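Observations on the three-dimensional arrangement
Below, each chain spelled out in residue letters.
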Amino acid sequence: MVSGLSSERQPGKLRYTDENMSSRIRVFDSSVGSKLLIGLTGLALFLYLITHIAGNALIFLGADTFNTYAHTLTSNPLIPIIELGLVLVFLTHIFKTVQMFVRNKAARPVAYAVKKPAGTPSRKTLASSTMIVSGLWLLLFVVLHVQAFKYGLEYEAASGVRDLYRIEMETFASPLTVAFYVVSMLLVGSHLWHGASSALQSLGLDHPSWTPRILAAGKIAAVAIAGGFVVIALWAHVTGGAR
Amino acid sequence: MSSSKLDAKVPGGPIADKWDRHKFEMKLVNPANKRKYTVIVVGTGLAGGSAAASLGELGYNVLNFCIQDSPRRAHSIAAQGGINAAKNYQNDGDSVYRLFYDTVKGGDYRSREANVYRLAQLSVNIIDQCVAQGVPFAREYGGLLDNRSFGGAQVSRTFYARGQTGQQLLLGAYQSLMRQVHQGAVRMFARREMLDLVIVDGKARGIIVRNLITGAIERYAADAVILATGGYGTVYYLSTNAVNSNVTAAWRAHKRGALFANPCYTQIHPTCIPVSGDHQSKLTLMSESLRNDGRVWVPKKQGDKRPPEQIPEEDRDYYLERKYPSFGNLVPRDVASRNAKQACDDGRGVGDSGLAVYLDFKDAIARVGPETIKAKYGNLFQMYAKITDDDPYAVPMRIYPAIHYTMGGLWVDYNLMSNVPGLHVLGEANFSDHGANRLGASALMQGLCDGYFVIPYTIGHYLASTALPKVTTDHDAFGEAADNVQQRINQLLAVKGSRGIREIHRELGRIMWDDVGMARSAQSLTRALARIPALRDEFWHDVSVPGSPDNLNQSLEYAGRVADYLEFAELLALDALQRSESCGGHFREESQTPDGEALRDDDNFSYVAAWEFQGVGRAPALHKEALVFDEVHPTQRSYK
Amino acid sequence: MRLNLKIWRQAGPDGAGKLVDYAADHVSPDMSFLEMLDVINERLVKQGEDAISFDSDCREGICGMCSLVINGVPHGPDRGTTVCQLHMRRFKDGETVTIEPWRARAFPVVKDLVVDRSAFDRIIAAGGYVSINVGGAPDGNAIPVSKQVAEQAMDSAACIGCGACVAACKNASAHLFMSAKIAQLSVLPQGQVERTTRVVAMIAQADADGFGSCSNEGECEAVCPKEIPISNIARMSREFTRAVFAGK
């Protein structure tokens, strides 16, 4: 605690002090620790998305390849553990971002009458300003998505494995579903547009010559991932899998 | 000749041993007893901030005050060039003695030798201290500290942190101060303005401040009071000082009996950006280093209003190069400033106002290329372009002198204590080290020297050798002083006239600049001495101070400072009138060599003029401290 | 030129404020923004009306005292410029200009455009220094510091503590401010001893004072009058991580 400063207000109460910093929970309660955790979990989710889009792209190789891949993946005994980890990462990301959002809002109780973006070299974009919106939408999306594909219909393919290919084709037959998916994937892209490079900045991975490349790479990855999912959904809708 | 009021208490012995001997002879305060002593420090600049931090470290109970919202904003922060120290890291012949010699000579033989020697001695410790604090001084490729030459010195002894040396040194002191605040040794009172000194049984025992946020008149008692409240340059309205810089704390102490020494010693800096209109609130200084490559000129013909690029070489007067062939554009500050004024008085000034001369980089750019010039002066050129909207790479800069620093201040003895026991004065607020003219890069040195290395010893001596019965703020003296402060505030608010405070301040500034500025004469000073009291009367009859006394009221703050300036200005002019010699920054037209250079009169004026307040509008009493030069023998300066 | 000003007036910390219209006539393009306000204030003073309170001191861009949000941008439209160095030639005749104070929970409004920034002092007091007393310092050249490190430290140390970073940030975060000091002291050899405790203590204090966290948008960098980059914030993350692993 700082004493003796002439502020007319009492200094705020400390959420933690030097003495109990050994507790990792407290560490991650701090503004910087929160960023670290959000960056770390965000980066994990980003990596997950890369494997996800890579796996989904196998759909272009036909039903058998795709179904075999899906079966191999889900029958791996490690998968439940990985899934549990993924859920934890996901929940942590949501919890910390929402908590940070609420605290950040409280940090400016009176809004400006006029507020404008400051311009170069700011990284502020529509995407960066709407992370909480895109994020919460994606939470809703993920719930519906997992329900549809992981706990959805159980068709059996000729080879005896689950016919995920058919589930996908049937799901994307509906224009409404495709529209929902496309919108959601655009929001994934928006979230990653800021989030991918932001995660690295949060983790302190900054370098005079590498940072501009990281910023560009984050945007390319955002477009590639979101675009990939959109293409698959549209392709499934248009072709219905018939070749 | 010396007055009995003025015992400088300079220790005996050879000059090089005085401080060491004095340190041994001074009494010490037992470590366990330090906490029992409370010391008030007013000001948080280099002098005040370093003093408060150091005294906190020693264990004293320190109360530190500043008018800004944070101690980090004191105007020391604006010093650009650097800080001198006799480290001799460059192996170029520097020494403590040389820095001492240069400072006494640069001060035109009007400073106290013993104080200056101590300053030169301690300069080396300042650098060590600041480096240890993490001040990012410029370094050479090998990792050692870099130096540059500055202000015409023949050795490279100036340490610097880009063009922000003052800022970095101040932040070093501020951080040390904040550490003491954190530890509870120093209590920080920001946005408090000292409005009176409280004297109990002849000793300084406290201050009265106005809480600038709530308007409350607060009382603080202590065993000793330290003023580090800076200079009085803004008596000229336009100066390079901050707009809130003021003489109020020093002046109110003066009114309580502290002697004010050499107020006429003011320094004018030759390379400032000229005034552009009545609205102007301050002048911006550009580093003197510009004169290394820029050539100063005005048109030969009066009233030649052609744009500079259309004036051919044969119609230009490079007057510094013409008059001072060996120093040329690098003559000292006072000489360069006076010559610029002369050219403008001749009707050869340039720009819309006619109050500017050209500083031309055309030849330098042609010689070394624009890239080299950009590397050396890029930030200054950018600042100039931002303020004036001119491109100095294409057209010559316009420059004009401005008030920059004040060498005069409250009189102090060798221990930096005023004639009022317990009242100590540090930094620009005292008069002690720079004589009649300050050398470049020496202000930072003095502020930190006083705060880090002198006051921690001398205040201990005062406390240990003085009987200080406990005094609380209930004492009658506090009540009287608080009433005095309250009354003056009420008076200011009661005038309810029609004139703006700024308007009157601007008018005062014009009187001071015209009649008590770069060149003074008995005639101009007598005129000023008539005009100032008249303006003061007008202020008290017709000023408008709106708002209430019980919350943040910047008009009220400003009016109080201007009111004090209207009293102080008279003392400044009076001091300038009595000193009919020219010396350093004080130039009397009656006292010049046939070539128009400043002519000292050592037989009659080798003294410190210390003035004792006798009442507003009443002639102050003059006390003289004779200056004795055992080491450096006065000679006439020449830059031909 | 003539401008229509909308200036935030608020009587005190607890009062409600509002934007009040003022006309600024005969504005010279050579005036600084604050001089333009001086002229309006002089008019108000002569009329016996309460002048508009705003902070300023050095008026040459180094003290960090001036603090206005002009048309939604702290310190106004020029990059790398404090309000006191912003000139009226930057505005158009007839333009409407909105002037507001810094807005943050940690910077409560004192009056009109003046805010309380003592929270910054508390952050520095929590650890933004090297704990050495006067007297024991070794010779200035005892520890060589490479020119590159000294320059890097100076880049961060250039911060003037004005608070524009907080004012611009949508989260009212002090991360740029404190990271600049943390970065300066963590690259210099003098700052090593307290490297871990410093970062932890300063962050704790900023959090306690109610500043927000950082979303890596970099609005702070864009308004910083000294153009201090957010690479300092990345460094603060590294320093914090390092401190966590050091068990501090």
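Refer to the preceding data block for the structure.
1. Focus: the interface of chain A and chain C
A common way to state how big an interface is: give the accessible area lost once the parts meet. Chain A puts 51 residues into the contact, and the matching count from chain C is 54 residues. Looking at the side of chain A that touches chain C, the elements with two or more residues in it are α2 (31–56), α4 (79–106) and α8 (175–202) of chain A. Counting residues per element, the side of chain A that touches chain C draws most heavily on α2(A), which supplies 6 residues. When grouped by side-chain class, the residues that make up the side of chain A that touches chain C number 20 nonpolar, 18 polar and 13 charged.

2. Quick word on the pairing of strand β5 (residues 186–189) of chain B
Both faces of the sheet carry side chains from a regular strand, because those side chains alternate between them. Residues and elements named next belong to chain B. What you see with β5 is no split at all: V186 and M188 on one side and R187 and F189 on the other are buried throughout. As paired strands, strand β2 (residues 61–65) and β5 are joined by 4 bridges and run parallel to one another. Bridge pairing in β5 links N64 to M188.

3. Some details on the interface of chain C and chain B
In this complex, chain C contributes 66 residues to the contact, which on the side of chain B involves 68 residues. Residue assignment for the side of chain C that touches chain B shows that the elements contributing at least two residues are α1 (33–46), β6 (109–111), α2 (118–127), α3 (147–157) and α5 (175–187) of chain C. With 7 residues, the top contributor of residues to the side of chain C that touches chain B is α1(C). Looking at side-chain class alone, the side of chain C that touches chain B contains 30 nonpolar, 18 polar and 18 charged residues.

4. Details of the pairing of strand β18 (residues 607–612) of chain B
Residue and element names in this part refer to chain B. The sheet contact formed by strand β10 (residues 260–261) and β18 spans 2 bridges and is antiparallel. Within β18, the residue paired with F260 across the bridge is W611. With 6 bridges joining them, β18 and strand β19 (residues 621–626) adopt antiparallel strand pairing. From the neighbouring strand, V608 faces β19, where its bridge partner is E625.

5. Considerations on the sheet that holds β2(B)
All names here are of chain B. Across the sheet, which stays open at both edges, the 5 strands sit in the order β5-β2-β1-β9-β17 with parallel pairing between neighbours. Edge positions in the sheet fall to β5 and β17 (423–425), since each of these pairs with one other strand and no more. Between one strand axis and the next, the sheet turns through 20 degrees on average, direction left out of account. Bridge analysis of strand β1 (residues 38–42) against strand β9 (residues 224–227) gives 4 bridges, and the strand direction is parallel. In the strand pairing of β9, I40 is matched with V225. The strands touched by helix α12 (residues 443–464) are β1, β9 and β17; relative to β9, the strand with the most contacts, the crossing angle is about 150 degrees.

Conventions adopted
- Residues numbered from 1 in each chain as written.
- Chains lettered and ligands numbered in written order.
- Predicted model: local features only at pLDDT ≥ 70, side-chain atom pairs only at ≥ 80, totals over all residues.
- Contact = placed C-beta atoms within 7 Å.
- Helix = DSSP H or I, 4+ residues; strand = E, 2+ residues; numbered from the N terminus.
- Nonpolar A, V, L, I, M, F, W, Y, C, P; charged D, E, K, R; others polar.
- Buried ≥ 20, exposed ≤ 12 C-beta atoms within 10 Å, placed from the backbone.
- Pairing = 2+ DSSP bridges.
- Axes fitted to C-alpha atoms, helices over the stretch in contact; angles between N-to-C directions.

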